[in-house]
Amino acid sequence: MGDKHRCVVCGKAFPEGQGIMLKVGDEVLAFHNKRCAVKFFKALIEEVDVNELKRAVSEVKKMFEEDLRKAMDERGKKI
């Protein structure tokens, strides 16, 4: 059986290949399901400096908006 990971939110152990694994610098964050990941990131957002968070939200939002625009343009060209 493969390696086990432990969810940083609830402590539940889960096997390699399941759950959500994110690497942030040298830190590895393991979540056994999306509910625990969302709970963690909600708490994280509350801890981050508001100005830095606003800048990051703006950049990530722009990235997704651009991806959506490209997808809409590609769909429009097929007609």
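Look up a bit, the structure's there.
Residues numbered from 1 in each chain as written. Predicted model: local features only at pLDDT ≥ 70, side-chain atom pairs only at ≥ 80, totals over all residues. Heavy atoms only, no water.

**Student:** Outline the overall build of the protein, listing residues and values.
**Tutor:** On a plain count of helices and strands, the protein comes out with two helices and four strands. Ordered by position in the sequence, the α and β elements of the protein form the string β-β-β-β-α-α. The proportion of buried residues among the 79 residues of the protein is 11%. Both charge centroids of the protein, one from 17 positive and one from 14 negative side chains, sit 7 Å from each other. (Helix = DSSP H or I, 4+ residues; strand = E, 2+ residues; numbered from the N terminus. Buried < 20%, exposed > 50% of the residue type's maximum accessible area, 1.4 Å probe, protein only. Lys, Arg positive; Asp, Glu negative; His and termini not counted. Charge placed at Lys NZ, Arg CZ, Asp CG, Glu CD.)

**Student:** Any details on the pattern of salt bridges? Residues and values, ideally.
**Tutor:** Counting across every chain of the model gives three salt bridges. For Arg55, the salt bridge goes to Glu52, with nearest N and O atoms at 2.7 Å. In this pair, Arg55 and Glu52 both sit in helix H2 (residues 50–77), three residues apart, roughly one turn of the helix. With a relative accessible area of 45%, Arg55 lands in the partly exposed category. Judged by its relative accessible area of 40%, Glu52 falls in the partly exposed class. Taking the shortest distance from any N to any O, the salt bridge between Lys62 and Glu59 comes out at 4.0 Å. Of the two residues, Lys62 and Glu59 both sit in helix H2, three residues apart, roughly one turn of that helix. Look at Glu59 and you get partly exposed, because its relative accessible area is 44%. (Salt bridge = Lys/Arg side-chain N within 4 Å of Asp/Glu carboxyl O.)

**Student:** Tell me about a nonpolar patch on the surface, residues and numbers included.
**Tutor:** The grouping of Val60, Met63 and Phe64 at the surface amounts to a nonpolar patch, some 290 Å² of accessible area in total. Mapped onto the elements, Val60 comes out in helix H2. Overall, the relative accessible area of 41% leaves Val60 in the partly exposed class. (Patch = residues over 30% accessible without salt bridge, like charges linked within 9 Å, V, L, I, M, F, W, Y side chains within 5 Å. Areas by Shrake-Rupley, 256 points an atom, 1.4 Å probe, with all protein chains shown as cover.)

**Student:** Requested: an account of the nonpolar core, with residues and values cited.
**Tutor:** Membership of the largest hydrophobic core is limited to seven residues, which are Cys7, Phe14, Leu29, Ala30, Phe31, Cys36 and Ala37. Elements that contribute at least two residues to this core include exactly strand E4 (27–31) and helix H1 (34–47). With three residues, E4 is the largest single contributor of residues to this core. (Core = buried A, V, L, I, M, F, W, Y, C linked by side-chain atoms within 4.5 Å.)

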